[in-house]
Amino acid sequence: MIPHNPCTDAKLPSVPRKKVVPLAVEQVRTLAKEIPGRYKGLVLLGACTGLRPGELFGLQLRHVDLLHATISVEQQIQQTAKHGVYVCPPKTARSHRTVPLPRIAVDAMKAHLRDFPADGPESWIFTAPQGGPVVYTHFMDGSWRPACAKAGIAKGTGPHALRHHYASLLIKHGESVKTVSERLGHTNAAMTLNIYTHLWPDSEERTRAAVDNAYADRPADGEAPGR
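Criteria and cut-off values
Residues numbered from 1 in each chain as written. Predicted model: local features only at pLDDT ≥ 70, side-chain atom pairs only at ≥ 80, totals over all residues. Heavy atoms only, no water. Phe/Tyr/Trp six-rings, centres within 6.5 Å; stacked < 30°, edge-to-face > 60°. Pairing = 2+ DSSP bridges. Helix = DSSP H or I, 4+ residues; strand = E, 2+ residues; numbered from the N terminus. 1 Å grid on protein atoms, 1.4 Å probe; cavity = no way out; pocket = protein on both sides within 12 Å on 5 of 7 lines; lining within 4 Å. Points joined across faces, edges and corners; volume = space filled by probe spheres on them. Nonpolar A, V, L, I, M, F, W, Y, C, P; charged D, E, K, R; others polar. Buried < 20%, exposed > 50% of the residue type's maximum accessible area, 1.4 Å probe, protein only. Contact = heavy atoms within 4.5 Å. Salt bridge = Lys/Arg side-chain N within 4 Å of Asp/Glu carboxyl O. Axes fitted to C-alpha atoms, helices over the stretch in contact; angles between N-to-C directions. Parallel < 35°, antiparallel > 145°, perpendicular 65-115°, else oblique. Left-handed = near helix turned anticlockwise from the far one by under 90°.

1. Here's the deal with the packing of aromatic side chains
Under the criterion given, the structure shown has four aromatic pairs. Site record: aromatic cluster; members linked through ring pairs are Tyr39, Phe57, Tyr136, Phe139 and Trp144.

This is the structure:
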């Protein structure tokens, strides 16, 4: 009806990003205890690897190498109104990655596979109660939300919180931005900083010490050497 879009030059207000508040270790442990047994390993694995929920659901036995303590992220399971439940590649090219498994994750996987054996390389690691891959909406309504309520975790907390928890542990123990970004499969380090920069320890004292140490071997102007 009109030859131009009147919204073209409109400037949208910036939307403030909410700061991520990671789950504590004890909260994760309690959640793993309260969730149905078939998903205890999923909670612990998510907290120990930072995989996205869809990446966890998409794991098959062929992706897990307990001998070398690694997991390969090669696919994910998604759910949309248009396509239903389907298997697709990871979110981005950088999301294809191999993630190291800490001992707690290896032990959790061994326990899970003992209680819920996989038939072969193409078998899903985590399955729905009726069999087949985990469906996000069913998982949330039937297992995740009730477990969060029992564990005293805030309403509205989703499985992505396990990913934030993992990132916070890496940051707390001194991993670089580059390493955290690679482990999470982010597109670039800027994205990692955009989400988690407030979790990196304050560096004011290190900044002061760096400058003071650089000048410690020479006297200040007007002072005699050695004073």
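2. Some remarks on the sheet that holds strand β2 (residues 70–73)
Within the open sheet, the three strands sit side by side as β1-β2-β5. Their pairing is antiparallel. Pairing within the sheet leaves two strands with one partner each, and these edge strands are β1 (64–65) and β5 (97–100). Of the strand pairs in this sheet, β2 and β5 are connected by four bridges, and their pairing is antiparallel. By the bridge assignment, Thr70 is partnered in β5 with Pro100.

3. Things to note about the layout of surface pockets
Considered as a void within the structure, the largest pocket measures approximately 250 Å³ in volume. Forming the boundary of the largest pocket are 14 residues, of which Ala47, Cys48, Ile104, His165 and Leu169 lie nearest the centre. Those elements that place two or more of their residues in the lining of the largest pocket are α1 (25–34), α2 (40–49) and α6 (160–172). When residues in the lining of the largest pocket are grouped by element, the largest group, four residues, is from α6. Residue composition of the lining of the largest pocket, grouped by class: 12 nonpolar, one polar and one charged.

4. Observations concerning unusual backbone geometry
Peptide bonds are mostly trans, and most non-glycine residues show a negative phi. Even without being a glycine, Ala69 presents a positive backbone phi close to 55°. Within the secondary structure layout, Ala69 lies in the loop between β1 and β2.

5. Re the side chain of His112
Inspection of the secondary structure puts His112 in helix α4 (residues 103–115). Owing to a relative accessible area of 5%, His112 belongs among the buried residues under this scheme. Aside from chain neighbours lying at most four places away, what touches His112 is Arg38, Ile125 and Phe126.

6. Observations regarding the pattern of salt bridges
Following the criterion strictly, the structure yields eight salt bridges and no others. Of the charged contacts in the structure, one is a salt bridge between Asp115 and Arg114, with a shortest N-O distance of 3.4 Å. Counted as one network, the salt bridges with shared partners bring together Arg52, Glu55 and Arg97.

7. A few points about the packing of α2 against α6
Between α2 and α6, whose axes approach to 6 Å, the crossing angle comes to 40°. It follows from the interaxial angle that α2 and α6 lie oblique. Of the two elements, α2 crosses α6, and the hand of that crossing is right-handed. In this structure, α2 uses Leu42, Val43, Gly46, Ala47, Cys48 and Thr49 to contact α6, whose residues at the interface are Leu162, Arg163, His165 and Tyr166. When its residues are assigned to classes, the contact of α2 with α6 shows six nonpolar, three polar and one charged.

8. Overview of the packing of α1 against helix α5 (residues 136–151)
Contact pair α1 / α5: the axes reach a minimum separation of 8 Å and the direction vectors enclose 125°. Between α1 and α5, the angle is such that the two are oblique. Considering how the two elements wind past one another, α1 and α5 form a crossing that is right-handed. On α5, the residues that touch Thr30, Leu31 and Glu34 of α1 are Trp144, Ala147, Cys148, Lys150 and Ala151. Tallied by class, the residues present in the contact of α1 with α5 amount to five nonpolar, one polar and two charged.

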